[in-house]
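Fold and contact review
Residue strings, one per chain:
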Amino acid sequence: MDAAGDARLKGMASRRIAIEAVSPAVDRGRFAAKAIVNEPVGIEADVFCDGHEVIAVAVEHRPRDAKKWLEQPMRLLVNDRWRTRVTFTEAGHHVFRILAWRDLFATWRADTLKKQAAGQDIALELEEGRRLIESAVRSPRAAAPADRQGLGATLEELAEARHPDLLARALLSEQTAVAMAHSAARINLTISDCSFPLFVDRPKAAFSAWYELMPRSQSGRVDRHGTFDDVIERLPYVRELGFDVLYFPPIHPIGRTHRKGRNNALVAAPNDPGSPYAIGSEEGGHDAIHPELGSFEDFARLLKAAREHGLEIALDFAIQCSPDHPWIKQHPEWFDWRPDGTIKYAENPPKKYEDIVNLHFYRDAFPGVWYGLRDILLFWHARGVRIFRVDNPHTKPLPFWEWVIEEVRAVDPGVIFLSEAFTRPKMMKRLAKIGFTQSYSYFTWRNSKQELTDYLTELTREDCRHYMRPNFFDNTPDINPYYLQSSGRAGFQARLVLAATLAGNYGIYSGYELCEAQAIPGKEEYLHSEKYEIRAWDWDRPGHIKDDIAFVNRLRRDHPALKCFTNLRFYNAWNDAILYYGRFTDDLSDFLLFAVNLDPHNDQSAHFEVPLWEFGLPDDASIEAEDLVLEQPFRWSGKVQHMLLDPKQRPYMAWRLFAPEVRQ
């Protein structure tokens, strides 16, 4: 065989250890899994080797642009599955890989201990152990002074050991094993075929509570356009409800050509404000502010005031233009034109949206439109915006999103992108893979116990848990769910609790707290929608659920169990109208239970199981608990209990269980 063949064979023979099924790995490393700063990430792999020798496994990780790897040992779980938890301390791109090697000293030690326990002569084995240590001293891995000193001390101890028992004690000690693990050569060192990407976000990427409002409806009067100063006046209200993200639909100038009237009428009255999604007029486009809202100085004051109230402002990034947008004259090649020379309006055949036109991403528009849209995001980021809700991203090219998100992250890895894509499952997941931080979801239309259980199991147990962070919005300006249209107050309470306690990220659109549900008959749309007119509200009108909102947001703030999306478990409640589930920390120090009546019109009761087994308790044990709504302690005795949920009173329960040692 030639030299090249010999080298290939030598390399192949050296990779004696199999490394498979690495997790988290999104499409075998094509995309980055997601993590959060200072929150441990579980990293796992199947690792095994021929024979019965001991192997050692570790994970190495580093920031993507760094050169030095950091190493952390992995431990064997079961059936050749290895695991460890790694904490990343800075936001941005990271990579990790798996290492494995045959540990000759650990194999020798394990075998020798067995022979010693069986009363066999181990004189030759002790000599083998001595030679392994001597070899390790000469290993390049023993270059660290502490390791060399430790092994040297071991050799001195061996030289002074006159009796076989003393020699065995020194060779087989735990101290020697640790020193050898640090210093011995790694035989048949095998590295995973690739390094796996991981993007580490700031905490708000995985845990946030969003409140959406229309700035123009904040004056308190239908005859006066709201301003940023009016929004500033509303900030204490939003914060007292417990939200930490305040999101605005587009705040840009609104076109007049084919402006929509009230209730989406094709013809607007003279004073109709138009849809904020018809972006652009003679006053400017995506880099301008609607004049009636205020100036850039006013916007800066709003951002500052929001920060002082513990709120972060999220802006809508909607890639569409009114026929009056400055780009149409400046960059006609960015748009589609019909054979008669007229611009092509946005369509969803047979529907036409003549107040907006879409941008084109290829042909003569490429790459100019890509850079232009990127610059809009960077423009608002430079003014203090670090969260963008992106309108209909599934209707724009996937390569564009992968590129533009990375461009913005290069400036600030803490920017959050929320994907508003109510579309096919694979497209929703692909958008999450290519970089969107959070994703709208199907939660809005999952109403039955089976639907919710199946969907949440998919989101928290399947591979998408590594890259897709759902944001459970109960309603939006575009979606007035059929369930809420007919549920009354109890339905709003139930859906609130579900969204806030099942997901790390959730949101409501203003009016939800008032149980506003007036709909266009036969449609999931609001009658007198704020998208087409200015509204004024009595925020204290009878029947509101502000107390419920403040309660669930307080639970989210105070309980670590609600901060991890995947620590969800459904438990038995023998009634299909009651969803019963738990959220808990890994050490069970914070263990919460929730029960929600999915039937907003009728009392529902059920026998249910208190999960005593999670604490290692028998079925007849007692456990201390607290009613979190009433803030009253109590005690459950026995696994099977009974509940009654009256939607006229409160359609949900929330309890905390205490591990026996927690209350001591």
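Along every chain, residues carry numbers that run from 1 in the direction the sequence is written. Restriction of local features to residues with pLDDT of at least 70 applies here, the model being predicted, together with a cutoff of 80 or more for giving and counting side-chain atom pairs; totals for whole chains, interfaces and linings are based on all residues. No hydrogens and no water enter the side-chain calculation; it runs on all heavy atoms of the structure.

Going by what an unreviewed UniProt entry lists, the chain is known as Alpha-1,4-glucan:maltose-1-phosphate maltosyltransferase and is assigned to Aquibaculum arenosum. Quoted verbatim from the Sequence similarities (unreviewed entry) field of UniProt, the annotation for the chain is "Belongs to the glycosyl hydrolase 13 family. GlgE subfamily." UniProt positions are given in the numbering used here, feature names are shortened, and annotations may be inferred rather than shown by experiment.

Remarks on the overall build of the chain
Broken down by element type, the chain carries 16 helices and 28 strands. With respect to the principal axes defined by its C-alpha atoms, the chain has extents near 105 × 70 × 45 Å. Categorising residues by exposure relies on relative accessible area from a 1.4 Å probe, with only protein chains included: less than 20% of the type maximum marks a residue as buried, more than 50% marks it as exposed, and the intermediate range marks it as partly exposed. Scored against the burial criterion, the 664 residues of the chain give a buried share of 56%. Of the contacts formed within the chain by residues at least 6 apart in sequence, a portion of 75% connects residues at least 24 apart. The way it works is that DSSP assigns letters per residue, a run of H or I at least four long becomes a helix, a run of E at least two long becomes a strand, and they are numbered from the N terminus. It only takes one pair of heavy atoms within 4.5 Å for two residues to be counted as in contact.

Topic: the UniProt feature "site: Transition state stabilizer" (unreviewed entry) in the chain
In the UniProt entry, the feature "site: Transition state stabilizer" (unreviewed entry) is given for Asp-478. Examined against the element boundaries, Asp-478 turns out to sit in the loop between β19 (471-473) and α14 (482-487). On the accessibility criterion, Asp-478 (30% relative accessible area) is partly exposed. Ignoring sequence-local partners within four residues, the contact set of Asp-478 consists of Arg-389, Glu-420, Glu-524, Glu-525 and Lys-531.

Some points on the packing of aromatic side chains
By convention, a stacked pair of Phe, Tyr or Trp rings (six-membered ring in the case of Trp) has centres within 6.5 Å and planes under 30 degrees apart, an edge-to-face pair has planes over 60 apart, and any other such pair is tilted. One pass over the full model with this rule turns up 47 aromatic pairs. Residues Phe-299 and Trp-380 carry aromatic rings whose centres are separated by 5.6 Å and whose planes lie at 80° to one another, so their mutual orientation is edge-to-face. One end of the pair, Phe-299, is in helix α8 (residues 296-308); the other, Trp-380, is in helix α10 (residues 368-382), and 81 residues separate them in sequence. The pair Phe-299 / Trp-380 is uniform in exposure class, with both members buried. Here Tyr-571 and Trp-613 contribute two aromatic rings whose centre-to-centre distance is 5.9 Å and whose plane-to-plane angle is 75°, an arrangement assigned as edge-to-face. Residue Tyr-571 is found in the loop between β21 (568-570) and β22 (578-584), and its partner Trp-613 is found in the loop between β24 (604-609) and β25 (622-627); the two are separated by 42 residues along the sequence. For Tyr-571, a relative accessible area of 8% translates into the label buried. For Trp-613, a relative accessible area of 38% puts it in the partly exposed group. As a reminder, the over-ring test applies to NZ of lysine and CZ of arginine, requiring each to be within 6 Å of the ring centre and within 35 degrees of the ring normal. The ring of Tyr-237 carries Arg-234 above its face, with NZ or CZ at 4.5 Å from the centroid. Arg-383 extends its terminal NZ or CZ atom over the ring of Phe-296, reaching a point 5.6 Å from the ring centre.

With respect to the sheet that holds strand β23 (residues 591-597)
In spatial order, the strands read β21-β22-β23-β28-β25-β26; together these 6 strands make up an open sheet with antiparallel pairing. The sheet terminates laterally at β21 and β26 (632-637), the two strands that pair on one side only. For this sheet, the mean angle separating the axes of adjacent strands, direction not counted, is 30°. Being paired, for any two strands, means DSSP has found at least two bridges between them. One ladder, built from 7 bridges, connects β22 with β23; its direction is antiparallel. Across the sheet, the residue bridging to Tyr-580 is Ala-595, located in β23. To define axes, lines are fitted to C-alpha atoms, for helices over the stretch in contact only, and angles between the resulting N-to-C directions are given on a 0 to 180 degree scale.

Thoughts on the pairing of strand β15 (residues 351-357)
The pairing of strand β14 (residues 345-348) with β15 spans 4 bridges and is classified as antiparallel. Bridging across to β15, Ala-346 finds its partner in Tyr-353. Joining the antiparallel neighbours β14 and β15 is a turn of 2 residues.

Quick notes on the environment of Val-640
Note on placement: Val-640 falls in strand β27 (residues 640-645). A relative accessible area of 44% places Val-640 in the partly exposed class. Separated by 42 residues in sequence, Val-640 and Leu-598 have C-alpha atoms that sit 21 Å apart. Apart from the residues within four sequence positions on either side, Val-640 is in contact with His-607 and Phe-608.

Thoughts on the sheet that holds strand β3 (residues 41-49)
What the 4 strands build is an open sheet, ordered β1-β3-β7-β6; its pairing is antiparallel. For this open sheet the edge positions go to β1 (17-23) and β6 (75-78), each flanked by a neighbour on one side alone. Mean inter-strand twist for the sheet, computed between neighbouring axes without regard to direction, equals 35°.

What about the UniProt feature "binding site: alpha-maltose 1-phosphate" (unreviewed entry) in the chain?
Mapped onto this numbering, the UniProt entry gives "binding site: alpha-maltose 1-phosphate" (unreviewed entry) at Lys-260, Gln-320, Asp-355, Asn-392, Lys-531 and Tyr-532. Its place among the elements puts Lys-531 in the loop between β20 (505-509) and α16 (546-558). Classification of Lys-531 by relative accessible area gives buried; the value is 13%. Residues within four places of Lys-531 in sequence aside, it is in contact with Met-214, Arg-216, Gly-274, Ser-275, Pro-276, Pro-477 and Asp-478.

Some remarks on the pairing of strand β16 (residues 387-391)
Along β16, 5 of the 5 residues are buried, which leaves the element largely enclosed by surrounding structure. Neither face of β16 is exposed, since Ile-387, Arg-389 and Asp-391 on one face and Phe-388 and Val-390 on the opposite face are all buried. One ladder, built from 4 bridges, connects strand β13 (residues 312-317) with β16; its direction is parallel. Opposite Phe-317, over in β16, you have Val-390 as the bridge partner. Direction of pairing for β16 relative to strand β17 (residues 416-420): parallel, over a ladder of 5 bridges. The partner of Asp-391 across the bridge, within β17, is Glu-420. If you view a crossover with the strands going away from you and the path from the first strand over the helix to the second runs clockwise, you call it right-handed. Of the crossover connections in this fold, the one passing from β16 over helix α11 (residues 398-411) to the parallel β17 is right-handed.

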